[in-house]
Every structure is written in structure tokens, then in C-alpha cells.
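Chain and residue survey
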Amino acid sequence: MSSHLHADHSAAQPPDRGTLDALITQARTLRGGLDAVRRGAGGGPDGQGPPEPGPATGDLRARWQRALCELAVHQLDDLGSQLDQLREGLPPETPLTGPPADLPPDHTAHDGTGIVHGTLPPPRPGTASELVGRVGSADWNLLTDEVSWSPELFRIFGRTAEDGPLSLDELPSWVLPEDQPGLATAFTDCLVDGRAVDHEFRLVRPDGAVRTVHLVGEPVLDDDGSTASMWAMVRDVSELRRSERAVRETRDSLQRERHFAQTERRLAVELQRTVLPPWRGSLRFPHGDDRVVGALDLAAHYLPSATSTLIGGDWYDALELPGGATLLTVGDLTGHGVTAASGVAMLLGAVRGMAVAGVGPGPLLGHLNHLLDAAAQPSLGSALCCRYEPHARTLTWSQAGHPPPLLFRHGRGRVLSRPEGVLLGVTSGAAYGQRTEQLAPGDLLILHTDGLAPGAGQEGTPRRPGAPHPGAVRLLGLGDRFAAAASAQECVRAVAEEFDDRAREDDACVLVVRIAA
């Protein structure tokens, strides 16, 4: 490469070899560490090539991480290649009898071997420079029309030495039409105004491949200050730009998905708030009067998942029915987000309507099963449906694959024996049994959904037939606190404190019902 220094400027001293060796060692250490990061981010087992197929391959965040790693790999490879070329140094200059009269004294000449004195030498076989081969150099002599290209530049353009280098007039025809005006302006600024060139453009190789190259160059001035030649370093940045595009695209996709998830969560939360009873503190049935025989003190609490921001399909409800009875229900519909929340709205509306119409708990669950089985998007769900008669203090209830209620009396709790009933939506025409429990003044009922305790209802954690639900076991241990509580709301507070689990993977809800003494 010809010197870009004016004749009255002194040439820079070659870099210290020890310093270069230290930099190369650091670059290789970084490259080795990056390979480990690539494997951790989902690359292939050797850190090269595409990731092994698996469930995480389609994960958008993992793809974004891999794209960032690929970008860093290209940059470190380029750095290592350039440091290797610096360490190899410049080729020895051939003594000249003197520069031509029309060239400045410091202008180096072409010796007919295909190498311009002052350019980077061709890499030795097997060196990193040859393996990467993305940096080439050129020298355009405006006085003699002589053009010299390094072997790397021929490879970048897809040409051979027999094809010869391209002149400045021929070069634009290889450039994409939309990039030609910018390149012409950069060359004009360099050749006419003496400005340095720092420009990126896309070229089309003979095989039709489009490559993105970054050209950096400066004019070489003669004694009169006129441009005698132009030198340039050309770097093939196609893979680098491709990696950057991948990073941008995956980042934009990630941002769009995050925005969509946030929007969906807002919609799901608003829908859930619309569907579930807006209780604040205890609720009394009949409303505001606990002197009626068998009156109820109720409170409920929704426990969100500790590991997910999505809204689940859990619900609870209590509704006064014609004739003085009370509907008590909790349930859980599969899925999360808007789909689950809208499904809950449909089911809970059906439950309320059938309960008001006088349908008993068992037949009611049968109708819900048919509703889910016949839905356009079938899903599964569990439910607990109870009808409480205050004058007789009886609780008639049915369940569909759901944990049974807990009954506490004088501080001691037990799990009610549940009637037969499969999950909603599992099979057509399923029948659901009923049981009736006699309650007493001061009794406490707790209805809860399946995700109350960590691992409850999760695959891989089967329970023995007849074994109590993990959440029920912990609730039974709160009997003394429930007995000392003055209201249903205090009992809910004790449940919330007990189940403040950061490991809980699913949403859950609890409905506490206290029979007035």
C-alpha cells in the first residue's frame, strides 16, 4: 500500500512486536472465552454453526443472544486477522534508482510482481489472514493510470489476477445502482478536494453474490498539492452487517413480543377484574346482616403466580340465590392470558345463570362439561360447586377433578370426602355426584384451587390415590390461627402469609366461608 503521508511528513515507526504479540494473545483469549459464551447461548457443541435442534431453538430471546455472539465473533476474527497482518510486517522495499519525475519523492512504485510496495503482504498459507481474507488494499495512480490490487481484494470482488484490477472509472459499474451516487461523491471529495474516504457500499460479484464492503482511503499529493494517486483499504463486512441485521431484527421482534405480552396482560387483568367479585374485606350473606340463622361471613384472595406474569384461569364466586340459598364456587381453567380470562368469563356466567335457575351442583357441572366439550376451542378445567342452605346449615356440593373443601371445627380441620367427578371437558356425557355436609355455627369452610402450593397439580409430581392435596396439608396446619381469627378476612390474611411462595408456578385463589355462631 502506498504511503498516504505527504512528502514532508515523516513515516510512522513499525509497531513493537512484543506489544503485538501481547495483543494477539489477548484477542485469542477473548475468542476462546466467546466460544464458551456461544455454547451457553445455544450454539452448536463446538461453538460453530447453527444450534442443535431443541425446544429452545425457537425461543426468540435465545436467537437474539446467538446473533449478538455471532456479531462479536466476526469482530474478534477481524481483529485477530488484522493483528496477524501487522505482526507479519511490510515486505522489503526494492531499491529504486529514483522516483519518476512526475511522482513525489516518497511515492512507492509497482515492481511488476503484483505487489505494491507499502501494501500488506499476501498471507502465508495457513495463517489467520488467509483464512479470514476479508481485507484488501488498492492503489490507483492518476498520473500513469496504473492500478494495483492485493490478492485479498481480488477475492473480495470475485476476480482473478488474470482479470486484472478495476480502474476508478470501472468500479461504479460493479456497485448497486442505489449506492453509486454516494460512492461517486466520496471519490470526488477525495480526488478533487483531497479529503479522506470512509464509505460503505454494496457490490455485485460475477457469480451474482452481493457483498457489502467498507472502503477507507486517502489521496497521495504531489509537490504541487495535487492528487497524484489514491490508496484504499477495502474490508468485506458482509457477515458483520448480516450479524448486525440479525441482532436488530431479533431485538425488534423481541420488543414487539414484549409489547404484545404487556398488552395481553393488561387486557387479561381488566377482564379478570370485571369477572371476579370486586370484594374488599369480608362480605356477609345476607348482605349486612349476620343475625340471620346460618348467615355467612366470606372473604377471598387471588394469589398470582410467582414465576409468570401471565394471568391464569382461576376463579372464585359467591352469589345469593332466590329463596335465600348461596352459591359458592371456585375453579381453574387451563391456559393463561386473554384466552383463559375470556373462558372464565363464559364459564362463570353459565354457573351463575344455572344456579339462579335452581340447577343443583351435580347437574350444573354436567352442563359445564358439555359447554367446554362443545366449545370451538375445547379446553379442560376443574371446578368445585356448592349450594349452601342457611336455615338447615347444609352444604350440597360437587366437584370436577378439583380439590375438595376443607372443614374446620373448633380448630381442627379435615378434608371432605369428595363425590365422583372428572375434569371438565375430558369426556362427553360425564355424570357428577353430589354430597351433603351438615354444618354447625362457627364452622369454617375453605375452598381453593389446585395451584395453591408449589408443584401442586404439576406434571412429574403425582400424588398417591387418596393422598391430600399439598395445599390442603398446609391449610390444615393453620387450624389454630383460623380458630383465633375474628373474621373470614383475618383467615384469608393467614392463608396469604402462609402461601407467600416464590416458587409457586401457577395462579391460585382461596374462598373462606365462616358460618355465623
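Above this note sits the structure.
Below, the structure is looked at part by part. What you see is a predicted model, and the numbers here were worked out from it, not measured in a lab. (Residues numbered from 1 in each chain as written. Predicted model: local features only at pLDDT ≥ 70, side-chain atom pairs only at ≥ 80, totals over all residues. Heavy atoms only, no water.)

1. Focus on the overall build of the chain
Stated precisely, the cut-off is as follows: Every helix listed is a DSSP run of H or I at least four residues long, and every strand listed is a run of E at least two residues long, numbered separately from the N terminus. Exposure categories follow from relative accessible area, calculated using a 1.4 Å probe and restricted to protein chains: below 20% of the type maximum is buried, above 50% is exposed, and the middle band is partly exposed. Each accessible area is a Shrake-Rupley estimate made with a 1.4 Å probe; only the visible protein chains count as cover when residues are assessed.
Check the secondary structure of the chain and you find 11 helices and 16 strands. Scored against the burial criterion, the 517 residues of the chain give a buried share of 43%. Accessible surface, the chain: about 25700 Å² in total, of which carbon and sulfur atoms supply 53%.

2. Side note on the pattern of salt bridges
To be explicit about the condition: Note on definitions: salt bridges are taken to be side-chain nitrogens of Lys or Arg within 4 Å of carboxyl oxygens of Asp or Glu.
Tallied over the full model, the rule gives 17 salt bridges. As a salt-bridge pair, D317 and R352 come within 2.6 Å of each other at their nearest N and O atoms. Placement of D317 in strand β8 (residues 312–320) and of R352 in helix α7 (residues 337–356) is noted, with a sequence separation of 35 residues between them. Assessed through its relative accessible area of 2%, D317 is described here as buried. Taken together, the shared-partner salt bridges connect R31, D35 and D77 into one network.

3. A word on the packing of aromatic side chains
Inclusion rule: A pair of Phe, Tyr and Trp rings is counted when the ring centres sit within 6.5 Å of each other, with Trp represented by its six-membered ring. The angle between the planes then sorts it: under 30 degrees is stacked, over 60 is edge-to-face, the rest tilted.
Taken as a whole and judged by the stated rule, the model has 4 aromatic pairs. On the basis of an interplanar angle of 40° and a centroid distance of 4.8 Å, the ring pair of W149 and F157 is categorised as tilted. A residue is classified by how much of its surface remains accessible, and F157, at 2% relative accessible area, is buried. Through a chain of ring-to-ring contacts, three or more aromatic side chains come together here, namely W149, F154, F157 and W174.

4. Structural notes on the pairing of strand β5 (residues 227–236)
What counts is decided by this rule: We call two strands paired when DSSP finds no fewer than two bridges between them.
Counting buried positions over the 10 residues of β5 gives 8, a clear majority of the element. Direction of pairing for strand β1 (residues 135–141) relative to β5: antiparallel, over a ladder of 7 bridges. Among the inter-strand pairings, D139 is bridged to a residue of β5, identified as W231. The antiparallel pairing of strand β4 (residues 210–221) with β5 creates a hairpin that spans 5 residues between the two strands, and G225 there sits at a positive phi of about 85°.

5. Some words on the packing of α7 against helix α8 (residues 361–373)
Put simply, the rule reads: Here, axes are lines fitted to C-alpha atoms. For helices the fit covers the stretch in contact, and angles between N-to-C directions go from 0 to 180 degrees. Should the near helix be turned anticlockwise from the far one by less than a right angle, the crossing is left-handed, and should it be turned clockwise, the crossing is right-handed. Contacts between residues were defined by any pair of non-hydrogen atoms, one from each residue, lying within 4.5 Å. Only Asp, Glu, Lys and Arg are considered charged, only Ala, Val, Leu, Ile, Met, Phe, Trp, Tyr, Cys and Pro nonpolar, and every remaining residue, Gly among them, polar.
Put simply, α7 and α8 touch, their axes get as near as 10 Å, and they point 145° apart. α7 and α8 meet at a crossing whose hand is right-handed. Between α7 and α8, the contacting residues are M346, L347, A350, V351, M354 and A355 on the first element and L364, H367, L368, L371 and L372 on the second. Of the residues that constitute the contact of α7 with α8, the class distribution is 10 nonpolar, 1 polar and no charged.

6. Things to note about the sheet that holds strand β11 (residues 394–400)
To summarise the sheet geometry, strands pair through backbone hydrogen bonds and adopt either a parallel or an antiparallel arrangement. Ordered by their spatial adjacency, 5 strands build an open sheet running β8-β9-β10-β11-β14, and the pairing between neighbours is antiparallel. The open sheet terminates on both sides in strands that have one partner only, identified here as β8 and β14 (435–438). Averaged over neighbouring strand pairs, the angle between their axes works out to 15° when direction is ignored. Relative to β14, β11 runs antiparallel, the two being bridged by 4 bridges.

7. Topic: the packing of helix α6 (residues 238–275) against α7
Condition: Throughout this description, any angle smaller than 35 degrees is read as roughly parallel, any larger than 145 degrees as roughly antiparallel, any in the 65 to 115 degree range as roughly perpendicular, and the remainder as oblique.
In contact at an axis separation of 8 Å, α6 and α7 are set at 15° when each is read in the N-to-C sense. In terms of axis orientation, α6 runs roughly parallel to α7. Considering the relative orientation of α6 and α7, their crossing is left-handed. In contact with E264, L267, A268, L271 and V275 of α6, α7 contributes G337, V338, A341, S342, V344, A345, L348 and R352. Residue classes in the contact of α6 with α7 are distributed as 9 nonpolar, 2 polar and 2 charged.

8. Points about the pairing of strand β9 (residues 326–336)
When you tally the buried positions in β9, you get 8 out of 11 residues, the bulk of the element. Across 9 bridges, the pairing between β8 and β9 is antiparallel. In the sheet register, G312 faces β9, and the bridge partner there is H336. Between β8 and β9, which pair antiparallel in sequence order, lie 5 residues; one of them, G323, sits at a positive phi of approximately 90°. Direction of pairing for β9 relative to strand β10 (residues 381–389): antiparallel, over a ladder of 8 bridges.

9. Quick notes on the sheet that holds β1
The 5 strands are arranged β2-β1-β5-β4-β3 in an open sheet whose pairing can be described as antiparallel. Among the strands making up the open sheet, the edge pair consists of β2 (147–149) and β3 (197–204). Across the sheet, the mean angle separating the axes of adjacent strands is 20° when strand polarity is ignored. As paired strands, β1 and β2 are joined by 3 bridges and run antiparallel to one another. Paired with A138 across the bridge in β2 is W149. The strands that helix α5 (residues 180–191) touches are β3, β4 and β5; relative to β3, the one it contacts most, it runs at about 145°.

10. What to know about the nonpolar core
A general trend in soluble globular proteins is that nonpolar side chains are found buried together. Operational definition: Joining through side-chain atoms within 4.5 Å is the link that ties buried Ala, Val, Leu, Ile, Met, Phe, Trp, Tyr and Cys residues into a set, and such a set is a nonpolar core.
Ranked by internal contacts, the top residues of the largest apolar core, which has 52 residues, are L298, L328, L368, L395 and L447. Here this core gets 8 residues from one element, more than from any other, and that element is α7. W149, L153, C190 and V213 belong to the second largest nonpolar core, which has 25 residues in total.

11. Observations regarding helix α11 (residues 488–498)
Going by this rule: Directions from the helix axis toward the C-beta atoms define the arc.
Of the positions making up α11, those classed as buried are A488, C491, V492, A494 and V495. Within α11, the buried residues cover an arc of 160° as seen down the axis, which keeps them to one side. In the core, the buried residues of α11 are packed alongside β7 (296–303), β15 (444–448), α9 (470–476), α10 (479–484) and β16 (508–515).

12. With respect to unusual backbone geometry
With a phi angle near 60°, D145 is a residue other than glycine that sits in the positive phi range. Here D145 is to be found in the loop between β1 and β2. Its relative accessible area of 65% is what places D145 among the exposed residues.

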